[in-house]
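One-letter residues, chain by chain:
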Amino acid sequence: MATMENIPYSELQLGTSARFSKRLTEEDLVLFAKISGDVNPVHLDEAFARETPFKGRIAHGMWTGSVISAAVATVLPGPGTIYLQQNLQFRRPVRPGDEITVTLSVTGKLDDAKRHVTLDCQVHNQEGELVAKGDARVIAPEQKVRLEKPELPAIRIG
């Protein structure tokens, strides 16, 4: 079984960094549309999307944002982290089949009593192209934890 381990506030240092990757599948795209309610045809209808400036379907921008959230929650600082703020700029489209890699780096420890931490967030596709960037503010965990990563059930569309 895979495990997750956090980095508590006391162990975080400026420059501490981590990566997290995820491939955008067709199922991810459809499920994100379902759970968010965002059924913009630029995400779901290839014929429609070909007529847009993107020349094909693209991921929901917030799907990319959710992968940043997954990186924060599972690798840096990891389990127990509380998200407070996210600024995000989308630079390039993410398309079905793309694999994006989130790189998080600690840029500040703002308040020892509240354990506030700022993170630089960079997202690149499999070609190394920057697709999104921004910064986040989180409350880092106080205590070190190591947990089994939950196995999620398979979901079928159709």
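Above: the structure in question.
Residues numbered from 1 in each chain as written. Predicted model: local features only at pLDDT ≥ 70, side-chain atom pairs only at ≥ 80, totals over all residues. Heavy atoms only, no water.

Novice: Whenever I open this one, the sheet that holds strand 5 (residues 116-124) confuses me. Can you help?
Specialist: Consider a sheet: its strands pair through backbone hydrogen bonds, and that pairing is either parallel or antiparallel. One open sheet holds the five strands; their spatial order is 2-4-5-6-3, and the pairing between them is antiparallel. Among the strands making up the open sheet, the edge pair consists of strand 2 (17-23) and strand 3 (82-90). If you compare each strand with its neighbour and ignore which way they point, the axes differ by 20° on average. Note that strand 2 and strand 4 (residues 99-111) share seven bridges and pair antiparallel. Looking across to strand 4, one finds that Ala-18 is bridged to Leu-104. (Pairing = 2+ DSSP bridges. Helix = DSSP H or I, 4+ residues; strand = E, 2+ residues; numbered from the N terminus. Axes fitted to C-alpha atoms, helices over the stretch in contact; angles between N-to-C directions.)

Novice: What exactly am I supposed to notice about unusual backbone geometry here?
Specialist: Of all residues except glycine, most have a negative phi; of all peptide bonds, most are trans. With an omega of -5°, the peptide bond running from Leu-76 to Pro-77 counts as cis. Along the chain, Pro-77 turns up in the loop between helix 4 (61-74) and strand 3. Non-glycine residue Lys-55 carries a positive phi angle of around 60°. A positive phi is found at Arg-115, a non-glycine position, where the angle reads about 60°. Secondary-structure assignment places Arg-115 in the loop between strand 4 and strand 5. You can call Arg-115 partly exposed: its relative accessible area is 23%. (Buried < 20%, exposed > 50% of the residue type's maximum accessible area, 1.4 Å probe, protein only.)

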